[in-house]
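Examination of the molecular architecture
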Amino acid sequence: MTDLRSAGPAAEGHPENLAPDTVVVSAGRPGRTHDAPVNPPVVLSSTFLGRGEVQHGDRAYGRYSNPSWDPFEETLAEPEGSPLPALVFAPGLAAASAAMPLLPAGGVLVMPQHSYQGSLALAEQLAARGALQLRTVDIADTEAVKARLEGADMLWLESPTNPMLEIAELQVLTAAAHAAGALVVADNTFSTPLGQRPLESGVDVVVYSVTKYLAGHSDVILGAVVTADEALRTRLIEHRSLHGAIAGPFETWLALRGVRTLALRIERSQATAAVLAERLLAHPGIEAVRYPGLPQDPGHGRAKAQMDGFGSTIAIQVRGGAEAAETVVEAVRLWVPATSLGGVESLIERRRRHANEPASVPENLLRLSVGIENAEDLWADLAQALEKAQG
Ligand SMILES: *Cc1c(COP(=O)(O)O)cnc(C)c1O
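This one's a predicted model, so the numbers in the text were calculated from it and none came from an experiment.

A word on the side chain of H239
With respect to the secondary-structure elements, H239 resides in helix α8 (residues 230–243). Among the residues examined, H239 registers a relative accessible area of 15% and is labelled buried. Not counting residues within four places of it along the chain, the set of residues in contact with H239 comprises S97, A98, P101 and G244.

Observations concerning the environment of W379
Locating W379 in the fold gives a position in helix α13 (residues 375–390). As for W379 and V275, which are separated by 104 residues in sequence, their C-alpha atoms are 8.9 Å apart. Here W379 is in contact with L276, R279, L280 and H283, once residues within four sequence places are set aside.

Here we look at the pattern of salt bridges
Overall, the coordinates contain 14 salt bridges when judged by the stated rule. In this structure, E357 engages R351 in a salt bridge whose closest nitrogen and oxygen atoms are separated by 3.0 Å. Owing to a relative accessible area of 2%, R351 belongs among the buried residues under this scheme. With its nearest N and O atoms 3.4 Å apart, the salt bridge here joins E363 to R352. Of the two residues, E363 is situated in the loop between β11 (347–350) and β12 (365–369) and R352 in the loop between β11 and β12; the sequence distance between them amounts to eleven residues. One continuous salt-bridge network, built from bridges that share partners, spans E349, R351, R353, E357 and R367.

Concerning the domain arrangement of the chain
The domain boundaries assigned to the chain delineate domain 1 (4–259) and domain 2 (262–390). Computed from C-alpha coordinates alone, the two centres of domain 1 and domain 2 are separated by 27 Å. Contacts between the two partners involve 33 residues from domain 1 and, on the opposite side, 33 residues from domain 2. Roughly 2900 Å² of surface becomes buried between domain 1 and domain 2 when both sides are summed, with 56% attributable to carbon and sulfur atoms. Applying the counting criterion to the domain 1 and domain 2 interface returns two salt bridges.

A word on the nonpolar core
Grouped together as the largest cluster of nonpolar side chains are 50 residues, with contacts concentrated most on F72, L155, L157 and V210. If you tally residues by element for this core, the top one is helix α6 (residues 170–179), at four residues. Lining this core are residues from two domains, each supplying at least three of them: domain 1 (4–259) and domain 2 (262–390). The residues touching L157, leaving out its near neighbours within four places in the chain, are I139, A168, L170, L173, T174, V184, V185, A186, D187 and V203. L294, I316, A324 and A383 belong to the second largest nonpolar core, which has 29 residues in total.

A look at α13
The end-to-end C-alpha separation of α13 is 22 Å, in line with the 22 Å expected for 16 residues at 1.5 Å each. Within the sequence span of α13, burial applies to A375, L378, W379, D381, L382, A383, A385, L386 and A389. Its buried side turned inward, α13 meets α10 (262–281), β8 (286–290), α12 (321–331), β11 and β12. Measuring from the side-chain oxygen of the N-cap residue of α13 to the backbone nitrogen of E376 gives 2.8 Å; that N-cap residue is N374.

As for the sheet that holds strand β9 (residues 313–318)
As summarised here, the arrangement of the five strands in space is β8-β9-β12-β11-β10, forming an open sheet in which the pairing is mixed. Only two strands of the sheet have a single partner each, and these edge strands are β8 and β10 (336–337). Here β8 runs beside β9; their pairing, made up of four bridges, is antiparallel. Note on β9: the bridge partner recorded for R290 is A315. In the packing of α12 onto the sheet, the strands contacted are β9, β10, β11 and β12, and the crossing angle to β11 comes to about 155°.

Here's the deal with the sheet that holds strand β7 (residues 223–227)
In spatial order, the strands read β1-β7-β6-β5-β4-β2-β3; together these seven strands make up an open sheet with mixed pairing. Two strands bound the open sheet, and with one partner strand each, they are β1 (87–89) and β3 (132–137). If you compare each strand with its neighbour and ignore which way they point, the axes differ by 20° on average. Judged from the two bridges that link them, strand β2 (residues 107–112) and strand β4 (residues 154–158) form a sheet pairing that is parallel. Looking across to β4, one finds that L109 is bridged to M154. Helix α3 (residues 92–99) rests against β1, β4, β5 (183–187), β6 (205–209) and β7 of the sheet, and its axis sits at about 155° to β6.

Parameters at a glance
Residues numbered from 1 in each chain as written. Predicted model: local features only at pLDDT ≥ 70, side-chain atom pairs only at ≥ 80, totals over all residues. Heavy atoms only, no water. Helix = DSSP H or I, 4+ residues; strand = E, 2+ residues; numbered from the N terminus. Buried < 20%, exposed > 50% of the residue type's maximum accessible area, 1.4 Å probe, protein only. Contact = heavy atoms within 4.5 Å. Salt bridge = Lys/Arg side-chain N within 4 Å of Asp/Glu carboxyl O. Domains from an automatic or database assignment. Buried area = accessible area lost by both parts, 1.4 Å probe. Core = buried A, V, L, I, M, F, W, Y, C linked by side-chain atoms within 4.5 Å. Expected span 1.5 Å × (residues − 1). Polar contact = N/O pair within 3.5 Å; in protein donor to acceptor, adjacent residues only side chain to side chain. Pairing = 2+ DSSP bridges. Axes fitted to C-alpha atoms, helices over the stretch in contact; angles between N-to-C directions.

Laid out in C-alpha cells, this is it:
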C-alpha cells in the first residue's frame, strides 16, 4: 500500500532551527494568508473527493488520512528532530501495537522488566502465540542488557521506566542493539521531546502515549510514533490503515491544543517535583524515593547526561507496606487518586492495585504524577496524608 497522506498544509513558510519549546507553539498552523484561521480546523469527513486512479499523496479515505492529523504530526516530529511527520494513532498502546510487529515474525524482543505494564502485556500476548520471543531485562544494568542482545531483533527502551523510574543508557544500548542487528524502539512518554530526543541517540522508532504529558489535560486518549526512516514509516502507515487504530479528529485537535502549553506545564510540574522529591526523601514515613533528579538516585548521572530536566513523575515507598500506602491514597484531598499521569492535576496511585503490574514493583510503591498546582498546597496535602498513614 502506498502512503496516501498528503503533505500537511502548514509546513510552508515555517522557519527552521527553532528551539523545541518554540516549535510546539508555532508548528502545525495554517498558512499565513489573509483571514486564515490561526488554528487548524477539525475536519469531519470519512471520505475525500477524487476521480481516476488513486495517486500517492491522495487522501482518498478517512482510515488512511485526515487533515486534522497533519498539524499534530508535524508539531510532534519537529522537536523530535525527524524530517518526516509523526504518525498519530488511537491510544499509545495502538502506537506500541504498530511498532512491536516491526520485528520479523517469531523474532526476539528485548524489553525492560519494568516497561509500562500494557506494553509488557502486549509483548507477552504476542509471545504466547509465537509472534515473538520475549526477553525481559533490567534496563538500568547496561552490561546485562548487552549480554542479552545477542540474536535480538528488537530492543524496546523505556527511560525513565514506568513506574520504577530506572534510567537506561540510551546511546550505549542503541549502539549495542544495532551492532547485534536489532531495531530500537523507545517509549518516550515520560520525557516528551522537550525532555529527551531518542532519535538523536540513534533510536529508530519513538513511541508515545499522547494521553499523558503531550495532551496534558487527562481528557484524551491518543498515541503517536515518530521515525525518520521512510521504509519503517511506510510499514507503520500500513499497520494503521489495516488494523484501524486511527485517531479521531477531535482527539487530535485536543492533543494539539494541549501540546501548545507543553513547555510551560513541564517547567512548572518538574520544578515542583524536584521540591517534593527532596522533602519526601527527608520524611520519616517514606522508605524510598525514586526520582532521577535527586543526586542520590542511581539514575541521576545518566539522566543528567541525556535528559533536559528530570520529569514530573516520582515513585515513593511508604513505610508500613501496602496498607499504609493505601491509607495515603485514601487520605489525600487535593491529589487525585487515579491511574495515568502527565495531566495538569496531580495524580497518586498504588501501582500494585493493578493485578497485572509486575510483582517486582513493591507493594507499597505509590506513583505520583505532579501537576501544575501550587507546590506548597501539594506538599501540605501529601504531608497530612502521610501523617495519617503513620498514625
Ligand atoms: C500510558 C502509557 C502507555 C499507553 O498509552 P495509552 O495512551 O494509555 O494507550 C504507554 N507507555 C507508557 C510509558 C505509558 O505511561
